[in-house]
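The primary structure of each chain is shown beneath.
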Amino acid sequence: MKTEYLYKQPKTLLNKGTGFLSGYSHSLNPYTGCTFGCSYCYVRQMPVSTFRDGVWGNWVDIKQDAAEIFRKELKRAKAKGEVSIFMSSSTDPYQPIEHNEMVTRSLLEVMVEDPPEFLLVQTRSPLIRRDIDLLLLLKDRVRVSMTVETDRDDMRKYFTPHAPPIQARLATLLLLKEAGVPTQVTIAPVLPSTENFADKLLPLVNRICIDDYFMGDGSGGKRTRNLKIDSLYTALGMKEWYHPSAYKIVYDRMKQVFPEDQIYISKKGFEP
Ligand code: SF4
């Protein structure tokens with residue numbers, strides 16, 4: 001199916017940080033929609049998707065004049081108090097269209113000029129390496145949180161066939177680390193992984209966030225149940241990995257390699 005790209009003029013870019021993101025004053029989404037189209041993406045169940053024609057993953061709205069609007073909003077928000085930003089909660093800021101459109105880059109440029117207290121960049125895309133120059137200018141006010149749900153690329157292909165390969169994400173983490181950009185790995189949602197996962201992460205990060213469908217989909221697992229993600233595990237013969245305690249398999253393996261204070265569970269791992 002052909003992807004539909006539309007240019008839209010947003011009224012605002014900053015949204016109030018609520019619920020899972022209550023540790024942030026704001027969330028920021030450079031796009032609406034996401035062509036990674038992960039099978040388990042809970043945004044499929046949210047109004048942004050349900051009130052729009054088209055299958056989640058096959059459309060993206062590109063926010064026009066985003067930097068100008070954001071510059072003014074950021075200034076206003078900072079005049080009212082401390083601003084901490086989660087980018088992004090319902091899209092990937094480095095999905096493929098960003099390569100040409102550079103909306104995310106333009107927002108980073110605004111933040112370099114007028115830094116928020118803290119910015120978390122949540123992505124699974126190696127494209128973020130393009131913006132290392134800007135990320136470095138934000139110094140310790142930024143953290144890149146790279147989603148790496150598993151070290152098994154066969155699982156990545158099964159659950160998220162349009163998302164970047166795991167190896168490319170690990171290579172990007174190494175690049176970010178070598179450049180001096182603060183990073184973490186976000187194992188979310190926990191997908192079936194190998195016993196060597198922690199060893200592969202050890203040279204790359206010193207901060208790990210683990211989250212799953214039951215703690216992290218914003219509805220205690222209901223949105224994921226509605227998506228019938230359990231049937232994907234049943235088809236694999238891996239139902240033990242679709243369980244509220246499955247994250248402990250990964251947690252215990254990480255604990256054997258990383259100090260406990262470097263491992264964060266669910267919401268704690270996303271906080272500033
Ligand atoms: S990358 Fe994130 S926002 Fe995009 S489809 Fe996957 S889970 Fe959803």
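Structure's up top.
In this convention, every chain numbers its residues from 1, walking through the sequence in written order. Per-residue local features of the predicted model are confined to residues with pLDDT of at least 70, and side-chain atom pairs are confined, for both listing and counting, to 80 or more; whole-chain, interface and lining totals are unaffected and use all residues. Derived side-chain values reflect all non-hydrogen atoms in the structure, with water molecules and hydrogen atoms excluded from consideration.

Trainee: Give me the overall build of the protein chain: which residues, what numbers.
Mentor: Secondary structure elements are defined from DSSP: runs of H or I of at least 4 residues count as helices, runs of E of at least 2 residues count as strands, and each element is numbered from the N terminus. Looking only at helices and strands, the protein chain has 13 helices and 11 strands in total. Note on method: radius of gyration uses C-alpha positions; expected globular size equals 2.2 Å times residues raised to 0.38. Taken against the 2.2 N^0.38 rule, which gives 19 Å for 272 residues, the C-alpha radius of gyration of the protein chain at 18 Å falls within 12% of a compact globule. In terms of overall dimensions, the protein chain has a C-alpha envelope of 50 × 40 × 30 Å along the principal axes. Among the 272 residues that make up the protein chain, the fraction classed as buried is 53%. Here the contacts in the protein chain between residues at least 6 apart in sequence split such that 73% fall between residues at least 24 apart. Under the counting rule used here, the positive set is Lys and Arg, the negative set is Asp and Glu, and His together with the chain ends is not counted. A single reference atom marks each charge: NZ on Lys, CZ on Arg, CG on Asp, CD on Glu. Side-chain charges in the protein chain split into 37 positive and 33 negative, and the spacing between the mean points of these groups amounts to 4 Å. Accessibility here uses a 1.4 Å probe with only protein chains present; expressed as a share of the type maximum, an area under 20% marks a residue as buried, one over 50% as exposed, and anything in between as partly exposed. By the convention used here, residues are in contact when the closest approach between their heavy atoms is within 4.5 Å.

Trainee: A description of the sheet that holds strand 5 (residues 59–63) should follow, citing residues and the corresponding values.
Mentor: Strand order across the open sheet formed by 3 strands is 1-5-4, with mixed pairing between neighbours. Bordering the open sheet on either side are strand 1 (4–8) and strand 4 (31–32), each of which pairs with just one other strand. A pair of strands counts as paired when DSSP detects no fewer than two bridges linking them. Alignment of strand 1 against strand 5, held across 5 bridges, turns out to be parallel. Within the sheet, the bridge partner assigned to Lys-8 lies in strand 5 and is Lys-63.

Trainee: An account of the site of the ligand is requested, with residue identities and associated values reported.
Mentor: Whether a residue is near a molecule or strand depends on its heavy atoms: it is near if one of them lies within 4 Å of it. For the ligand, the full set of nearby residues is Cys-34, Phe-36, Gly-37, Cys-38, Cys-41, Trp-56, Thr-91, Asp-92 and Arg-124. Think of it as three bins: nonpolar holds Ala, Val, Leu, Ile, Met, Phe, Trp, Tyr, Cys and Pro, charged holds Asp, Glu, Lys and Arg, and polar takes everything else, Gly as well. Grouping the constituent residues of the shell around the ligand by class yields 5 nonpolar, 2 polar and 2 charged.

Trainee: For the pairing of strand 7 (residues 118–123), give the residues involved together with the corresponding values.
Mentor: With 6 of its 6 residues buried, strand 7 lies for the most part within the structure. Of the two faces of strand 7, the one carrying Phe-118, Leu-120 and Gln-122 and the one carrying Leu-119, Val-121 and Thr-123 are both buried. Pairing between strand 6 (residues 84–87) and strand 7: 4 bridges, direction parallel. Each residue of the ladder has a partner; that of Ile-85, found in strand 7, is Leu-119. Note that strand 7 and strand 8 (residues 142–147) share 5 bridges and pair parallel. Opposite Leu-119, over in strand 8, you have Val-142 as the bridge partner. Running through helix 5 (residues 132–137), the crossover from strand 7 to the neighbouring parallel element strand 8 is right-handed. Handedness of a crossover: with both strands directed away from the viewer, a clockwise path from the first strand across the helix to the second marks it as right-handed.

Trainee: I'd like to hear about the sheet that holds strand 2 (residues 14–16), residue by residue, with values.
Mentor: Here we have 8 strands laid out as an open sheet, ordered 2-3-6-7-8-9-10-11, and mixed in their pairing. Each of the sheet's edge strands pairs with one partner strand only, and the pair in question is strand 2 and strand 11 (263–265). The average undirected angle you get between the axes of adjacent strands in this sheet is 25 degrees. The axes used here are C-alpha line fits, helices contributing only the stretch in contact, and every angle between their N-to-C directions lies in the interval 0 to 180 degrees. Each of strand 2, strand 3 (26–28) and strand 6 is contacted by helix 2 (residues 66–80), which is oriented at about 40 degrees to strand 2, the strand it contacts most.

Trainee: Mind laying out the side chain of Glu-73, listing which residues take part and the relevant values?
Mentor: One can find Glu-73 in helix 2. No salt bridge is formed by the buried Glu-73; its nearest oppositely charged neighbour, Arg-76, is found at 5.2 Å. Beyond its immediate sequence surroundings of up to four residues, Glu-73 is in contact with Thr-12, Leu-13 and Leu-14. We count a salt bridge whenever a side-chain nitrogen from Lys or Arg sits within 4 Å of a carboxyl oxygen from Asp or Glu.

Trainee: Give a description of the pattern of salt bridges that names residues and reports values.
Mentor: Between side chains of opposite charge, pairing is possible as soon as their charged atoms come close. Throughout the structure, instances matching the rule amount to 17 salt bridges. Across the pair Arg-105 and Glu-109 runs a salt bridge, and its minimum N-O distance is 3.7 Å. One end of the pair is Arg-105 and the other is Glu-109, both in helix 4 (residues 103–113) and 4 residues apart, which spans about a single turn. One connected set of salt bridges, linked through shared partners, spans Glu-98, Arg-105, Glu-109, Arg-130, Asp-131 and Asp-133.

Trainee: Give a description of the packing of aromatic side chains that names residues and reports values.
Mentor: Pairs were defined over the aromatic rings of Phe, Tyr and Trp, the Trp ring being its six-membered one, requiring ring centres within 6.5 Å. Orientation was assigned from the angle between planes: stacked under 30 degrees, edge-to-face over 60, tilted for the rest. Applying the stated criterion across every chain, the model contains 13 aromatic pairs. Members of the aromatic cluster, connected to one another through ring pairs, are Tyr-40, Tyr-158, Phe-159, Tyr-213, Phe-214, Tyr-233 and Tyr-242. For a ring to carry a charge above it, either NZ of a lysine or CZ of an arginine must fall within 6 Å of the ring centroid while also lying within 35 degrees of the normal to the ring plane. In this structure, Arg-52 is placed above the aromatic ring of Trp-59, and the distance from its NZ or CZ to the ring centre is 4.0 Å. Lying over the aromatic face of Tyr-264, Arg-207 brings its terminal NZ or CZ to 4.0 Å of the ring centre.

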